[in-house]
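Spelled out from the first residue to the last, the chains are:
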Amino acid sequence: MRAILALSNSLVKNATGPYVSRTGLPAPPSRSLPASQIRSMNSHLVWLIGYSLAQLALGAWISRRVRTSSDFFVAGRALGPGLLFSTMLAANVGAGSTVGATGLGYRDGLAAMWWVLSAGIGSFVLAFWIGPAIRRTAAAHDLRTVGDYLEFRYGVGVRSLIAALLLIGSVFILAGQLIAVSWILNVIAGIPKIVGCVAAGVLITIYFAGGGLLTSAYVNIVQLTVKMVGFAVAIPFALRAAGGWDAVHALQPSPDYWNFWQSGESGLVYLAMLGPAFIVSPGLLQKTYGARDDRAVRLGVGFNALALMVYAGVPVFLGMMARAQFPDLAQSELALPTLLAKGVPPAVGALGLAAVFSAELSAADAVLFTLTTSLSQDFYKRFYRPAANDAEMLRITRVTAVFAGALGVGVALVAGGVVSALSIFYTIMGVSLFVPMIAGLFQPKAKSVDAMAAIITGIVIVGGWRVALAGKPINGITPAMGGLAGAIMVFLVVYLIRRASGGPDRAPPLTPATE
C-alpha cells in the first residue's frame, strides 16, 4: 500500500506536465493550458487515484477469506450465476473492448463492431457447449488450470507446449491492458507511458496477489457497475458535443466507413481470430472451473455473451463521435481517453474515465490469473516441486503474480499499441488451443500425437505467415484463418492415419452430464 501511495504522489506531481494535443503528441513547450483545464485534469487524476485505492482496500478485505490454494485458483468452486456473470463480463470488457475497439471505430467505422461481436459469439459457444463439459471434468478430477486438463487428457508433453505458448501470448494481452491505462494517464496528465504502465502493473498485481479468483470475482462487481454507469452517462454527452447524430452520420473519411461487413482492417475477419479465442481462453475456462454447477455456467456465461452482443456498438460509436470532434489524432487508440478528458463535461469525463480504467484493470487481473496459475501449476508444481503442499502453493502463486506482472510491464513498454498486442495473444491461442480442447472434450479417441500435430502446424503457419508476409491477408485470408484451418486439417489427417494403422485409442473417461 505504501508503494501505491508513493506512486500516486509522483503521478499528481506530473499532472500539470506536458500538454497532450489533439494529435496525441506533446505540444511545444511554449504552449500553456488554461487554468480551468489544468484543474479538470488534476481532478480526473485524483479521482482515478482515489478509485484505485478503494479497489485495493476492497481486495485486501476480501483476501482475508482466502485460506487455501483452491480458494485462490477456483474460488472454492462456489461461484453462482451472478458472480460468474460479473467476473466474466468484467474480464471481457477490457482494453480491447474499450480503448482498442473505440480506436478501431475511429479509424475504420461501423465494421469495427465485429471486434466485440466476435467475442460475444465465442462466449455463447462457451456458455452452452464447452463450459459445462469442462466444468464437470474439472470438478470430478480436481483440475485447477487448463494445463491440468491438457495433461489429464493428453499427457505432459501437450501440457508443457501449450503452457509455454500461452505464457508468451498472455504476457502480450496483459501488456495491452497496461498500455491502455498509460494512454489514459498520458491524455489527462501528460504522464509518460513508462510511468503509466508501471503504475497500472503495481495496482493490479497487489490486489490480485492477495486473493486470486475470489478477490477478482468481488472486485469485478464494483468495476462492472462503474463501467456500465460510466458509459451510459458519457454517450449522450459525447453525442451532443459531436454535433448530434447528423454530424456523426455525415462522417465519410473512407468509402467503406459505414460498411458493416468490412472496412479497412476491421470486419467479419475478426471472427476467425476472436471467436475461437473466446471459446477456449484459459482465463475464461478457469473461471468456469469456479462455478458451482452447470446451470451457473450456462446462465452466467450466457448472459455475459448477450451483454457483449448488446455492448458491441458502444465503443465503435464513441470512436465515431471522437472522430467528429478530434479528426486529426495521430494515434487512433487515443480516441476514447481524449473524448472523455476533453470532449465532455469534466464530471461526466471523470466517470467515463473511471469506467475505462475499470475495464483495463478487470481484464488485466483476468490475464494475470492465467499467467500466475500457469507458472505455479504448470511449471513449478509439475516439474520443480510435485510434492508442494497447499500452503507452499498459495505462497508461490502470490510470488509468481508479482513476476508475471513485471513481465507484462516490460512487454508493454516496447509494444506498439493495444490492438497489436492483443492480436498476438488471440491468434496464438486460437491456432494452438482450439483444436486440442474441442477434440479432447468431444472425441474420446483423440490422442497426444494428434493434438501435438495440430498445435505445431497452427503455430508454424502463423509464424511463417508473419515472417514471410508481415502478417498481411492473402485474398482475405488472415494468418488466424490459415493457422486454424491448417491445425484442423492436420489433426484430422494424423488422427485418421493413426486409426487406420491400428494406433492406440485409450483415453481418460469423460465426465457425463448429471443435470
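Since this is a predicted model, take the numbers as computed values, not measurements.

Novice: I'd like to hear about the overall build of the protein, residue by residue, with values.
Specialist: If you tally the helices and strands in the protein, you get 20 helices and two strands. The proportion of buried residues among the 515 residues of the protein is 61%. Contacts in the protein between residues far apart in sequence, at least 24 positions, make up 85% of those at least 6 positions apart. If you sum the accessible surface of the protein, you get close to 18800 Å²; carbon and sulfur atoms cover 68% of it.

Novice: I'd like a description of the packing of helix α8 (residues 156-189) against helix α19 (residues 448-469), backed by residues and values.
Specialist: The relative placement of two packed helices comes down to the angle between their axes together with the axis-to-axis distance. At a minimum axis separation of 10 Å, α8 and α19 run at an interaxial angle of 20 degrees. As summarised for this structure, α8 and α19 are arranged roughly parallel, according to the angle between their axes. Once α8 is placed against α19, the crossing between them reads as left-handed. From α8, G157, V158, L161, I162 and L165 reach across to α19, where they touch S448, A451, M452, I455, I456 and I459. When its residues are assigned to classes, the contact of α8 with α19 shows nine nonpolar, two polar and no charged.

Novice: An account of the nonpolar core is needed here, citing residue identities and associated values.
Specialist: Of all hydrophobic cores here, the largest spans 141 residues; its most connected members are W115, L150, Y426, L433 and M437. Here this core takes 18 residues from α8, the largest share from any one element. Apart from residues lying up to four places away in sequence, M437 is in contact with I134, V146, Y149, L150, V280 and L285.

Novice: Explain the packing of aromatic side chains to me, and be specific about the residues and the numbers.
Specialist: One pass over the structure, following the stated rule, counts 13 aromatic pairs. Judged by centre distance (5.3 Å) and plane angle (45 degrees), the ring pair of W114 and F260 falls under tilted. Taken together, the residues span a long stretch of sequence, with W114 in helix α6 (residues 114-140) and F260 in the loop between α10 (245-249) and β1 (262-263) at a distance of 146 residues. Residue W114 is classed as buried on the basis of its relative accessible area, which comes to 8%. Residue classification places F260 among the partly exposed positions, given a relative accessible area of 26%. Taken together, a centroid distance of 5.8 Å and an interplanar angle of 80 degrees make the contact between W245 and W258 edge-to-face. With W245 in helix α10 and W258 in the loop between α10 and β1, this pair connects stretches of sequence that are 13 residues apart. Accessibility expressed as a relative area gives 22% for W258, which makes it partly exposed. Here a set of aromatic residues connected by ring pairs shows up, and it is made of W115, Y270, F278 and Y426. Taking NZ or CZ as reference, R153 lies 5.2 Å from the ring centre of Y154, over its face. Over the aromatic face of Y106 sits the side chain of R323, whose NZ or CZ is 5.2 Å from the ring centroid.

Novice: A description of helix α7 (residues 146-153) should follow, citing residues and the corresponding values.
Specialist: Of all eight residues that make up α7, six are buried, and the element is covered over most of its length. Every buried residue of α7 is listed here: V146, G147, D148, Y149, L150 and R153. Structurally, the start of α7 carries an N-cap: the backbone nitrogen of G147 is 3.2 Å from a side-chain oxygen of T145. Of the residues flanking the end of α7, it is G155, one or two places downstream, whose phi is positive at about 120 degrees.

Novice: Before we move on, can you summarise helix α5 (residues 96-108) with the specific residues and values?
Specialist: Given 3.6 residues to a turn, an α-helix orients residues that are three or four positions apart in the same direction. Compared with an ideal rise of 1.5 Å per residue, which puts 13 residues at 18 Å, α5 spans 15 Å between its outermost C-alpha atoms and falls more than 12% short. A large share of α5 lies buried, amounting to 12 of its 13 residues. Residues of α5 that are buried: G96, S97, T98, V99, G100, A101, T102, G103, L104, G105, Y106 and D108. Directly beyond the C-terminal end of α5, a positive phi value near 90 degrees is found at G109.

Novice: Requested: an account of the confidence of the model for the protein, with residues and values cited.
Specialist: Of all residues in the protein, 81% attain a pLDDT of 70 or more, and the chain-wide mean is 80. Note that residues 1-33 has pLDDT below 50 and, in this model, 56 contacts with residues that lie over four places away or in other chains.

Rules and cut-offs
- Residues numbered from 1 in each chain as written.
- Predicted model: local features only at pLDDT ≥ 70, side-chain atom pairs only at ≥ 80, totals over all residues.
- Heavy atoms only, no water.
- Helix = DSSP H or I, 4+ residues; strand = E, 2+ residues; numbered from the N terminus.
- Buried < 20%, exposed > 50% of the residue type's maximum accessible area, 1.4 Å probe, protein only.
- Contact = heavy atoms within 4.5 Å.
- Areas by Shrake-Rupley, 256 points an atom, 1.4 Å probe, with all protein chains shown as cover.
- Axes fitted to C-alpha atoms, helices over the stretch in contact; angles between N-to-C directions.
- Parallel < 35°, antiparallel > 145°, perpendicular 65-115°, else oblique.
- Left-handed = near helix turned anticlockwise from the far one by under 90°.
- Nonpolar A, V, L, I, M, F, W, Y, C, P; charged D, E, K, R; others polar.
- Core = buried A, V, L, I, M, F, W, Y, C linked by side-chain atoms within 4.5 Å.
- Phe/Tyr/Trp six-rings, centres within 6.5 Å; stacked < 30°, edge-to-face > 60°.
- Lys NZ or Arg CZ within 6 Å of the ring centre and 35° of its normal.
- Polar contact = N/O pair within 3.5 Å; in protein donor to acceptor, adjacent residues only side chain to side chain.
- Expected span 1.5 Å × (residues − 1).
- pLDDT = per-residue confidence, 0-100.

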